[in-house]
Amino acid sequence: MASGDDDDPIIQEIDVYLARSLVEKLYLFQYPVRPASMSYDNVTHLTARIKPKQQKVELEVAMDTMSPNYCRSKGEQIALNVDGTSSEDPSVYSTKMMDKQAFSSIQATMNTSRYAAAVFHKGELHLTPLQGILQMRPSFTYLDKADTKHREREAANEAGDSSQDEAEEDVKQITVRFSRPESEQARQRRIQSYEFLQKKQAEEPWVHLHYHGIKDGRSEHERQYLYCQAMDTAENTELVKTPREYLSMLMPPLAEEKATKPMGPSNVLSMAQLRTLPLGDQVKTLMKNVKVMPFANLMGLLASGTDSTAVLRCIQQVALLVQGNWVVKSDVLYPKNTCSSLSGVPAEVLCRGRDFVMWRFTSERTLMRKEVAAIIKLPPEDVKDFLEQMSVPRLNRGWEFLLPTDHDFVRKHPDVAQRQHMLWMGIQSKLEKVFNFSKDDFVPKKDAQMEPVHVSGDQRLKSAKENARENQSVMQRELDARRLKASRNTGSSGDSAAPVQVKQEPVSDSEEPMDTSGPLTNGSINGYPDSTSLASDPRNGHGHSFTPELQDFVRSTFRKHYVLCLSEVKRLFNLHLASLPTGHSVYGHVTDRMLQDTILQSQCKQILVPFPPQSNAAADEQKVFGLWESGETFDKHRQVLFEIFMKNYRVRRNVIQTRLTQELGDAVTKTDLDRLLKECCMSLGGMWYLKGTVPS
């Protein structure tokens with residue numbers, strides 16, 4: 001059998017040498033704003049200088065003022081603006097005309113270890129590693145000088161207009177202030193600031209150079225150093241490698257890749273990195289970043305299937321319960337032996353002041369910053385920082401707690417709420433001793449003339465839902481009595497209507513529902529909204545339940561994931577909410593019903609997957625939705641796939657391929673099938689499942 005090398009013979013072998021004479025001195029200059037046909041080789045270079053550590057180069061080249069393309073009036077005007085009319089100051093343009101142009105460099109790449117300059121001579125290739133690759137661009141610092149001159153002239157004119165015989169200025173009192181000791185965090189911020197970096201760069205002195213043209217004798221002499229000077233010595237052993245060493249250089253070990261991997265900011269942690277941490281560290285990291293969070297949102301940010309009991313144990317170690325929501329503890333934000341980055345106050349004092357603010361929010365919705373500052377006696381910037389972490393300013397009402405009271409959590413976990421209440425009682429007693437106050441000092445006084453109470457729309461809606469929930473049983477009995485009476489009156493005609501039964505769906509123990517105000521029915525037939533659906537019935541108040549922002553989120557999410565169960569949509573929505581700025585409430589109060597109706601109104605359809613009886617999937621995990629129409633021809637492929645999974649919980653690949661061929665003909669290719677399975681399915685044990693339905 002013929003070898004493949006016979007078709008690709010070796011034509012020539014070239015010896016490669018490594019030249020080291022200019023290893024740390026060779027730079028490559030690029031002129032990106034000038035075509036290669038118009039080089040600066042024959043242009044007179046006036047000055048050149050370099051900052052070696054920064055690899056920053058500046059060149060000054062002469063301009064041809066006699067060229068027909070040169071505008072003399074503009075050149076003279078620029079020189080006049082830069083140098084002015086005074087002859088005392090040193091001038092930039094000595095000929096009273098812009099006769100030179102400056103170039104300043106920027107680094108094209110930070111890592112030049114893979115770049116070299118090569119010279120091919122007499123069948124030999126000589127390589128010299130590059131020290132830097134610099135892009136030379138025109139510098140317009142002369143415009144800054146023109147602006148400075150203009151401001152100086154204006155200041156001189158203003159000073160000239162004032163009277164020269166004014167009396168000596170009155171003596172002014174000077175207040176002497178001593179700067180606080182700089183904390184480590186403040187020092188790090190100062191070092192990383194743009195102003196500090198500019199100052200450090202300016203400290204490096206310029207090294208002035210002599211420029212030699214391309215045909216100059218010195219250039220010819222230096223060009224000889226591009227050739228290897230000792231070809232027969234051990235200098236070129238670096239290019240002589242065994243096959244194993246050569247492969248190791250091409251594919252370095254993983255440890256080296258990790259060492260050179262760029263590090264992200266210390267305060268940024270991706271969700272993928274977060275999932276690798278223990279559960280306690282995950283909860284602590286999330287609370288340190290978010291600071292205030294409902295338990296339902298926290299469960300949504302954690303991995304699906306996380307035990308809620310374990311999360312409750314972890315969150316009580318790093319957060320306290322305030323109005324049904326969890327607020328990170330003060331000692332987590334301000335560890336021992338640290339101090340405030342704003343004022344330098346020790347961490348122990350900060351923790352006491354922040355605990356007081358949290359304790360006040362356990363009994364009040366709004367606080368006045370002046371009242372808080374008068375008691376805890378901390379700098380105003382620290383007091384404002386405390387309030388910004390857990391509240392938002394309201395006009396003429398002070399600072400209101402960031403989130404509405406989560407009555408559902410308190411109702412579902414009374415033992416946790418009671419334990420937190422006892423903990424707050426202990427904190428209150430300590431705060432009373434430290435700040436010398438009594439709880440009675442904060443009880444609102446009952447005046448004969450009560451002030452009007454401001455109640456927001458969300459609070460009214462939540463109160464109405466609670467009243468409706470309490471009166472539901474009474475109203476149900478009255479409704480049943482009326483229906484029974486009506487059935488007796490119309491019994492002879494046989495037109496009596498059976499009582500309507502509303503299906504109550506179970507809620508997973510491991511995940512908090514987005515809304516518990518009623519049963520979660522989607523009012524749809526085969527995944528599409530029915531004409532009698534609550535979502536489209538204006539009498540039930542759901543005619544405009546979903547917002548355009550929510551619909552945009554749902555559409556973009558399904559165009560990216562194609563198939564999602566309801567619990568996964570909720571998790572992604574919670575992640576989206578967590579990424580929004582504090583106080584961003586464009587979505588309002590989003591319920592499960594609202595989310596489902598929005599999905600069905602966004603060209604999606606509910607896939608009624610026949611889960612097996614022994615499946616341990618939660619109710620929200622059994623509600624599977626798929627992108628039905630996106631406007632592309634591939635919609636037909638997805639629709640056929642969804643119809644298959646409406647009859648089968650899991651299928652084999654050949655079943656999907658056969659059905660696609662039957663419905664769409666022989667035009668279905670292997671690439672189409674691979675794309676379809678990648679977008680919508682997951683494989684386990686040789687069987688294919690819709691995403692989100694794989695048994696755990």
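To be clear, the structure that these remarks concern was listed above.
Notes on the structure follow. (Residues numbered from 1 in each chain as written. Predicted model: local features only at pLDDT ≥ 70, side-chain atom pairs only at ≥ 80, totals over all residues. Heavy atoms only, no water.)

## Description of the overall build of the protein chain
Next, step 1: A count of helices and strands for the protein chain gives 25 helices and 22 strands.
Next, step 2: The burial tally for the protein chain puts 32% of its 696 residues in the buried class.
Next, step 3: For the protein chain, the accessible surface area stands at approximately 45,800 Å², while carbon and sulfur atoms represent 52% of it. (Helix = DSSP H or I, 4+ residues; strand = E, 2+ residues; numbered from the N terminus. Buried < 20%, exposed > 50% of the residue type's maximum accessible area, 1.4 Å probe, protein only. Areas by Shrake-Rupley, 256 points an atom, 1.4 Å probe, with all protein chains shown as cover.)

## Some remarks on helix H14 (residues 369-376)
Next, step 1: Listed in full, the buried residues belonging to H14 are Val 372, Ile 375 and Ile 376. One side of H14 holds all its buried residues, which, seen down the axis, span an arc of 85°.
Next, step 2: Lys 377 sits one or two residues past H14 and shows a positive phi near 55°. (Arc of directions from axis to C-beta.)

## Here's the deal with the packing of aromatic side chains
Next, step 1: Enumeration according to the criterion identifies 16 aromatic pairs in this entry.
Next, step 2: For the pair Phe 295 and Phe 409, a centre-to-centre distance of 5.4 Å together with 45° between the ring planes defines the contact as tilted. You can see Phe 295 sitting in helix H10 (residues 295-301) and its partner Phe 409 sitting in helix H16 (residues 407-412), a full 114 residues away along the chain.
Next, step 3: Given a relative accessible area of 1%, Phe 295 falls into the buried group.
Next, step 4: Ring-pair connections join several aromatic residues into one group, and the members of that group are Phe 356, Trp 359, Phe 435 and Phe 437.
Next, step 5: Across from the ring centre of Tyr 40, 4.2 Å away, lies the NZ or CZ of Arg 34, which sits over that ring. (Phe/Tyr/Trp six-rings, centres within 6.5 Å; stacked < 30°, edge-to-face > 60°. Lys NZ or Arg CZ within 6 Å of the ring centre and 35° of its normal.)

## Things to note about the packing of helix H24 (residues 653-664) against helix H25 (residues 670-680)
Next, step 1: Contact geometry of H24 with H25 gives a least axis separation of 11 Å together with a crossing angle of 120°. Between H24 and H25, the angle falls in the class oblique. Once H24 is placed against H25, the crossing between them reads as right-handed. Of the residues in H25, those in contact with Arg 653, Ile 656, Gln 657 and Leu 660 of H24 are Lys 670, Leu 673, Asp 674, Leu 676 and Leu 677.
Next, step 2: Each residue belonging to the contact of H24 with H25 can be placed in one class, and the counts come to 5 nonpolar, 1 polar and 3 charged. (Axes fitted to C-alpha atoms, helices over the stretch in contact; angles between N-to-C directions. Parallel < 35°, antiparallel > 145°, perpendicular 65-115°, else oblique. Left-handed = near helix turned anticlockwise from the far one by under 90°. Contact = heavy atoms within 4.5 Å. Nonpolar A, V, L, I, M, F, W, Y, C, P; charged D, E, K, R; others polar.)

## What to know about unusual backbone geometry
Next, step 1: The backbone of Asn 337 sits at a positive phi, close to 65°, despite the residue not being glycine.
Next, step 2: Tracing the chain through its elements places Asn 337 in the loop between helix H12 (330-333) and helix H13 (347-361).
Next, step 3: Given the relative accessible area of 70%, Asn 337 is considered exposed.
Next, step 4: Its identity is not glycine, yet Asn 436 carries a phi of approximately 55°, on the positive side.
Next, step 5: Tracing the backbone through its elements, the reader meets Asn 436 in the loop between helix H17 (414-435) and helix H18 (457-470).
Next, step 6: On the basis of relative accessible area, Asn 436 is assigned to the exposed category, the value being 70%.

## As for the environment of Gln 389
Next, step 1: Mapping Gln 389 onto the fold places it in helix H15 (residues 380-390).
Next, step 2: Counting along the chain gives 35 residues from Gln 389 to Arg 354, while the straight-line C-alpha distance between them is 10.0 Å.
Next, step 3: A distance of 2.8 Å separates a polar atom in the side chain of Gln 389 from a polar atom in the side chain of Arg 354. (Polar contact = N/O pair within 3.5 Å; in protein donor to acceptor, adjacent residues only side chain to side chain.)

## Side note on the side chain of Asp 83
Next, step 1: Looking at the secondary structure, you find Asp 83 in helix H1 (residues 72-83).
Next, step 2: Within the buried set, Asp 83 has no salt-bridge partner at all; the shortest N-O distance to an opposite charge, 5.8 Å, is to Lys 96.
Next, step 3: Side-chain polar atoms of Asp 83 contact the backbone nitrogen of Tyr 93, separated by 3.0 Å. (Lys, Arg positive; Asp, Glu negative; His and termini not counted. Salt bridge = Lys/Arg side-chain N within 4 Å of Asp/Glu carboxyl O.)

## Quick notes on the sheet that holds strand E11 (residues 319-322)
Next, step 1: With respect to topology, 3 strands assemble into an open sheet ordered E10-E12-E11, the strand pairing being antiparallel. Looking at strand neighbours, the two that pair on one side only are strand E10 (292-293) and E11, the edges of this open sheet.
Next, step 2: Across 2 bridges, E10 lies against strand E12 (residues 325-328) in antiparallel orientation. Paired with Met 293 across the two strands is Trp 326, which belongs to E12. (Pairing = 2+ DSSP bridges.)

## Some thoughts on the nonpolar core
Next, step 1: Counting 55 residues, the largest nonpolar core has Val 283, Met 287, Trp 326 and Phe 356 as its most contacted members.
Next, step 2: Of the residues forming this core, the biggest block, 8 residues, is contributed by H13.
Next, step 3: If you look at the next biggest cluster of nonpolar residues, it comprises 48 residues, including Val 640, Phe 642, Ile 644 and Tyr 689. (Core = buried A, V, L, I, M, F, W, Y, C linked by side-chain atoms within 4.5 Å.)

## Thoughts on a nonpolar patch on the surface
Next, step 1: A surface patch of nonpolar side chains, about 490 Å² in accessible area, is lined by Tyr 246, Leu 247, Leu 250 and Met 251.
Next, step 2: Relative to the helices and strands, Leu 250 is located in helix H6 (residues 243-250).
Next, step 3: Overall, the relative accessible area of 53% leaves Leu 250 in the exposed class. (Patch = residues over 30% accessible without salt bridge, like charges linked within 9 Å, V, L, I, M, F, W, Y side chains within 5 Å.)

## A few points about the sheet that holds strand E15 (residues 398-401)
Each strand in a sheet pairs with its neighbour through backbone hydrogen bonds, running either in the same direction (parallel) or in the opposite one (antiparallel).
Next, step 1: Taken in spatial order, the 3 strands make up an open sheet running E13-E15-E14, and their pairing is antiparallel. Edge positions in the sheet fall to strand E13 (366-367) and strand E14 (391-394), since each has one partner strand and no second.

## A word on the pattern of salt bridges
Next, step 1: If you walk through the whole model with that rule in mind, you get 22 salt bridges.
Next, step 2: A salt bridge links Arg 638 to Asp 635; the nearest nitrogen and oxygen atoms lie 2.6 Å apart. In this pair, Arg 638 and Asp 635 both sit in helix H23 (residues 635-645), 3 residues apart, roughly one turn of the helix.
Next, step 3: Taking the relative accessible area as the measure of exposure, Arg 638 reaches 0% and is therefore buried.
Next, step 4: We classify Asp 635 as buried; its relative accessible area is 7%.
Next, step 5: A single salt-bridge network, built from bridges that share partners, covers Glu 632, Asp 635, Arg 638, Arg 675 and Glu 679.

## Digging into the packing of H23 against H24
Next, step 1: Relative orientation of the contacting elements H23 and H24 amounts to 125°, with a least axis distance of 10 Å. The angle between H23 and H24 places the two elements in the oblique class. The interaxial crossing formed by H23 with H24 has right-handed handedness. Along its contact with H23, which presents Lys 636, His 637, Val 640, Leu 641, Glu 643 and Ile 644, the element H24 presents Ile 656, Arg 659, Leu 660, Glu 663 and Leu 664.
Next, step 2: For the contact of H23 with H24, the residue count by class is 6 nonpolar, 1 polar and 4 charged.

## Observations regarding the pairing of E15
Next, step 1: Relative to E15, E13 runs antiparallel, the two being bridged by 2 bridges. Considered in E15, the bridge of Thr 366 is made with Glu 400.

## Quick look at H24
Next, step 1: Compared with an ideal rise of 1.5 Å per residue, which puts 12 residues at 16 Å, H24 spans 16 Å between its outermost C-alpha atoms and is within 8% of the ideal.
Next, step 2: Of the residues trailing H24, Gly 665 is marked for its positive phi of about 85°. (Expected span 1.5 Å × (residues − 1).)

## A closer look at the pairing of strand E19 (residues 604-607)
Next, step 1: Side chains of E19 alternate between two faces, with Cys 604 and Gln 606 and Lys 605 and Ile 607 buried alike.
Next, step 2: By the bridge criterion, 4 bridges tie E19 to strand E20 (residues 624-627) in an arrangement that is antiparallel. Note that in E20 the partner of Ile 607 across the bridge is Val 624.

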